[in-house]
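# Survey of secondary and tertiary structure
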Amino acid sequence: MSLTGRTIILGVTGGIAAYKAAELCRLLVKAGADVRVAMTEAACRFVTPLTFQALSGKPVLTSLWADGSPDGMAHIQASRDADLILVAPASADFLARLAHGRADDLLATLCLARACPLAVAPAMNRAMWAAPATRRNLAQLAADGVHLLGPAAGEQACGEVGLGRMLEPAEILASLADRFGRGPLAGKRVLVTAGPTFEPIDPVRGLTNRSSGKMGYAVAAAAREAGAEVTLVSGSTCLPTPADVRRIDVETAAEMRAAVLAELPSDVFIAVAAVADYRPDAAAAHKLKKSEAGLKLDLVPNPDILAEVAARPDAPFCVGFAAETERLAEHAEAKRRRKKLPLLVGNLAQDTLGQDTAELVLFDDAGRHSLPRADKQTQARALIRHLATLLD
Ligand code: C5P
């Protein structure tokens, strides 16, 4: 799920959980959202606006009377520009004010003036949560269409244990994703291969390709951000599995092929893996002894997973990667035609291998599209956006 391009007002109210809102702000920004923070006066007593300004990169809204706009209507405008207002933590007092439609501070006014969904993540002592007044307010808010995220049960700052603790920032993000994150690939199944394959020569040696897996993992994460259900078939890498992505570990090209075929049908197949083109005809059962005579290996071609998937009658939308060392366009176009791919991503291997950045060229039926050097996550997001327009 992506929050890319989404404008979110993060409202912070007065409660000890306000410190967790700093982490939430960071996660929202990381998920691509344009975050504007609005704090109540009480929130500013727990965490300073400067913290949120640094995390969101924007001045924090704190007062109805100091917005500096020529017409004094910045709060209405901020509210109109937002795709979502998320109040986390939402104190018992703030929920009460919301339920009554009060506009007695900036955040309450933003909520009242909004033309977008409103989500609240309550945080309060368990007795306040259970109080009849809070129950009434929540029933009213639910009837008004306000989305309730949490709270969780557990140990509270006051030392008591019970319901009322704010959801963890990552849980809030996941809930938002499910409810508001309908990205361009929502409802699509995307299958990605990544990393190298390893073809054993004997129990301790093998043939492999240079591949860190960074690009493939970034593509899987970007597809997930775009709302797809993502399966990542991965050769050996040192990378953590991207959030909310299902990962299947494989070693050889044959295992990768079997894992990929078992995951079909899929809407999209993105082959980023550096699959070894050849494997030893038969791996030795025991470690080969070193010999002065040298060693000759009999290699047989590995199946071309991408070409095989693209040739199936139920072929998904197939995307290939081509790492070349010279004449990129010529080789990439030839590969695209040979494997019958609607989209191929070309790059110069010497510029990309193992690095955190890449310079890519997308080749499709309409021609070429260059993605100037940027970090691999940015490139992966651009690729997924391009792919989504082709799918349309
Ligand atoms: O032919 P070449 O190996 O250069 O093609 C690269 C593209 O094909 C990549 O997308 C790679 O993941 C895929 N491929 C594959 N199976 C192979 C070889 C390459 O899926 N055996």
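Residues numbered from 1 in each chain as written. Predicted model: local features only at pLDDT ≥ 70, side-chain atom pairs only at ≥ 80, totals over all residues. Heavy atoms only, no water.

## Some details on the site of the ligand
What surrounds the ligand is a group of 14 residues, the closest being A271, A273, P303, F321 and K335. Within the backbone of F321, one N or O atom sits 2.8 Å away from an oxygen atom of the ligand. At a separation of 2.3 Å, an oxygen atom of the ligand approaches a polar side-chain atom of K335. Here the ligand loses 88% of its free accessible area of 440 Å² to cover by the protein chains. Of all elements in the fold, only helix 12 (305-310), strand 16 (317-324) and helix 13 (328-338) reach the threshold of two or more residues within the shell around the ligand. The residue inventory of the shell around the ligand, partitioned by class, reads eight nonpolar, one polar and five charged. (Near = heavy atom within 4 Å. Polar contact = N/O pair within 3.5 Å; in protein donor to acceptor, adjacent residues only side chain to side chain. Areas by Shrake-Rupley, 256 points an atom, 1.4 Å probe, with all protein chains shown as cover. Helix = DSSP H or I, 4+ residues; strand = E, 2+ residues; numbered from the N terminus. Nonpolar A, V, L, I, M, F, W, Y, C, P; charged D, E, K, R; others polar.)

## A short note on the pattern of salt bridges
Counted by the stated rule, this structure contains 21 salt bridges. We note a salt bridge from R257 to E308, for which the minimum N-O separation is 2.8 Å. Of this pair, R257 sits in helix 11 (residues 253-263) while E308 sits in helix 12; the two residues are 51 residues apart in sequence, bridging distant segments of the chain. Its relative accessible area of 27% is what places E308 among the partly exposed residues. One network of salt bridges, in which partners are shared, links D93, R97, R102, D104 and D105. (Salt bridge = Lys/Arg side-chain N within 4 Å of Asp/Glu carboxyl O. Buried < 20%, exposed > 50% of the residue type's maximum accessible area, 1.4 Å probe, protein only.)

## So, the sheet that holds strand 19 (residues 367-375)
With respect to topology, eight strands assemble into an open sheet ordered 12-11-8-13-16-17-18-19, the strand pairing being mixed. Looking at the sheet topology across the chains shown, the edges are occupied by strand 12 (246-249) and strand 19. On average, adjacent strands in this sheet sit at an angle of 20° to one another, irrespective of strand direction. Alignment of strand 17 (residues 343-348) against strand 18 (residues 357-364), held across four bridges, turns out to be antiparallel. Residue pairing in the sheet places V345 in a bridge with L362 of strand 18. Of the strands in this sheet, strand 8 (189-194), strand 11 (229-234), strand 12, strand 13 (268-271), strand 16 and strand 18 touch helix 10 (residues 214-225), which is tilted by about 170° from strand 11. Here helix 11 sits on the sheet and contacts strand 8, strand 11, strand 12 and strand 13; the angle it forms with strand 8, its principal contact strand, is near 175°. (Pairing = 2+ DSSP bridges. Axes fitted to C-alpha atoms, helices over the stretch in contact; angles between N-to-C directions. Contact = heavy atoms within 4.5 Å.)

## Considerations on the side chain of T134
Here T134 lies in helix 8 (residues 132-143). Within polar-contact distance, the side chain of T134 engages the backbone oxygen of M128 at 2.7 Å. The contact partners of T134, leaving out residues within four places of it in the chain, are M124, M128 and W129.

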